[in-house]
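# Examining the three-dimensional arrangement
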2 protein chains.
Amino acid sequence: MAKVTPNSGSPRIREGGAVREVLDRIGDKWSLLVIGTLRAGPLRFGELEAAVAGISQRMLTLTLKHLVEDGLVARTAYAEVPPRVEYELTELGRTLVPLVMALAEWAMANREQINANRSGHAGGQGRP
Amino acid sequence: MAKVTPNSGSPRIREGGAVREVLDRIGDKWSLLVIGTLRAGPLRFGELEAAVAGISQRMLTLTLKHLVEDGLVARTAYAEVPPRVEYELTELGRTLVPLVMALAEWAMANREQINANRSGHAGGQGRP
DNA sequence: CCGTATCCTGTGGGATACTG
DNA sequence: CAGTATCCCACAGGATACGG
């Protein structure tokens, strides 16, 4: 990741540059899942941890921190005891929801097909 | 990525499961970029390498191999000299194009906003 | 031209334990 | 409850060199 994509020699800005840049942010292992999980409304840390199956405390903390930094998620801490913290999508974050949902639907619709291809990749299902 | 997500003991298929599964396939550093690049039609290996700025030979080879295995891309080798190989999207692969393009457009439309948030994250742009 | 084979590094990310 | 701190390893992925 890191390096800002050299873009070696290309005179015009490649659309790919912006895409890569954003993909490096939200294209990690958990960001899209967290965003998708927050689509219905604010959730507490613990609720998120339970909802996003398989995520570790550490990764949830880090992912949320990044999303907050990027302005996709807002964090609200209530000064009470026991402490309560809620996370919700910002305006910007919500604009991503339709895309995430589309991706999720595509995933569910096509994963069997893909798994089938992987096992015995018969091959001829796409020839145009 | 790596570990196949144990999903230990979960009796019912979590929707998150399918999403994660597919995300692990196409959510890597290059797959979506390659798919997006192939949207207009077949391209040769070298053309792809030039079009996807920053990708290394190795990663292009690996990414294409995975995409072919998953049935998203078709590979056609012409037995001539010098050798020529063309890659193009399969039917299945093409169904992903709209999503990729949507993501790309979102990326281009919002990267400045995100970058601004990152630098001095002023904060108040999303309060619902 | 189109790959494959090695080598090597950075780092994503899990497990675990501790704090406010 | 909501994090932070450490440790540690697998593996993504770049550089380079070689084969058909």
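Right above here is the structure, for reference.
In this text, all values refer to a predicted model and were calculated from it rather than measured experimentally.

What counts, and at which threshold
- Residues numbered from 1 in each chain as written.
- Chains lettered and ligands numbered in written order.
- Predicted model: local features only at pLDDT ≥ 70, side-chain atom pairs only at ≥ 80, totals over all residues.
- Heavy atoms only, no water.
- Pairing = 2+ DSSP bridges.
- Helix = DSSP H or I, 4+ residues; strand = E, 2+ residues; numbered from the N terminus.
- Axes fitted to C-alpha atoms, helices over the stretch in contact; angles between N-to-C directions.
- Parallel < 35°, antiparallel > 145°, perpendicular 65-115°, else oblique.
- Left-handed = near helix turned anticlockwise from the far one by under 90°.
- Contact = heavy atoms within 4.5 Å.
- Nonpolar A, V, L, I, M, F, W, Y, C, P; charged D, E, K, R; others polar.
- Near = heavy atom within 4 Å.
- Polar contact = N/O pair within 3.5 Å; in protein donor to acceptor, adjacent residues only side chain to side chain.
- Phe/Tyr/Trp six-rings, centres within 6.5 Å; stacked < 30°, edge-to-face > 60°.
- Lys NZ or Arg CZ within 6 Å of the ring centre and 35° of its normal.
- Buried area = accessible area lost by both parts, 1.4 Å probe.
- Salt bridge = Lys/Arg side-chain N within 4 Å of Asp/Glu carboxyl O.

### Concerning the pairing of strand S3 (residues 84-89) of chain A
All names here are of chain A. Of the pairings in the sheet, the one linking strand S1 (residues 43-44) to S3 comprises 2 bridges and is antiparallel in character. By the bridge assignment for S3, leucine 43 is matched with tyrosine 87. As defined by bridge partners, strand S2 (residues 73-78) adjoins S3 across 6 bridges and the pair is classed as antiparallel. Bridge pairing in S3 places threonine 76 opposite glutamate 86. Where S2 folds back onto S3 in an antiparallel hairpin, the turn is made up of 5 residues.

### Describing the packing of helix H5 (residues 91-119) of chain A against helix H5 (residues 91-119) of chain B
Here H5 of chain A crosses H5 of chain B at 150°, and the two axes come no closer than 11 Å. Classified by the interaxial angle, the pair formed by H5 of chain A and H5 of chain B is roughly antiparallel. Both H5 of chain A and H5 of chain B take part in a crossing whose hand is left-handed. The residues of H5 of chain B that touch H5 of chain A, namely those facing Leu92, Thr95, Leu96, Leu99, Ala102, Leu103, Trp106, Asn110, Gln113, Ile114 and Asn117 of chain A, are Leu92, Thr95, Leu96, Leu99, Ala102, Leu103, Trp106, Asn110, Gln113, Ile114 and Asn117 of chain B. For the contact of H5 of chain A with H5 of chain B, a count of residues per class yields 14 nonpolar, 8 polar and no charged.

### Observations regarding the protein's contact with DNA strand C
Near DNA strand C lie 19 residues; those nearest to it are Lys29 and Arg58 of chain A together with Thr61, Arg75 and Tyr87 of chain B. Taking the atoms of DNA strand C that fall within 4 Å of the protein, sugar and phosphate contribute 60% of them. Between DNA strand C and serine 56 of chain A, the relevant distance is 3.0 Å, taken from a phosphate oxygen to a side-chain nitrogen or oxygen of the residue. Here a phosphate oxygen of DNA strand C sits 3.1 Å away from a polar atom, N or O, in the side chain of arginine 44 of chain B. Of all the secondary-structure elements, those providing two or more residues to the surface near DNA strand C are helix H4 (57-69) of chain A together with helix H3 (45-51), helix H4 (57-69) and strand S3 (84-89) of chain B. Considering only residue class, the surface near DNA strand C consists of 8 nonpolar, 5 polar and 6 charged.

### Here's the deal with the packing of aromatic side chains
Counted according to the given criterion, the structure contains 0 aromatic pairs over all chains. Over the aromatic face of tryptophan 30 of chain B sits the side chain of arginine 20 of chain A, whose NZ or CZ is 5.1 Å from the ring centroid. Of note, arginine 84 of chain B hangs over the ring of tyrosine 78 of chain B, and the distance from its end group to the ring centre comes to 4.3 Å.

### A few points about the interface of chain B and chain A
At the interface, 50 residues of chain B touch 51 residues of chain A. Where chain B abuts chain A, roughly 4900 Å² becomes buried across the two surfaces, and 65% of that area is made up of carbon and sulfur atoms. For the pair chain B and chain A, the number of links is 6 salt bridges. A salt bridge links arginine 118 of chain A to aspartate 70 of chain B; the shortest N-O distance between them is 2.8 Å. Taken together, the links from chain B to chain A amount to 16 residue pairs in polar contact (both at pLDDT 80 or more). Considering each element in turn, the side of chain B that touches chain A owes the most residues, 19 residues, to H5 of chain B.

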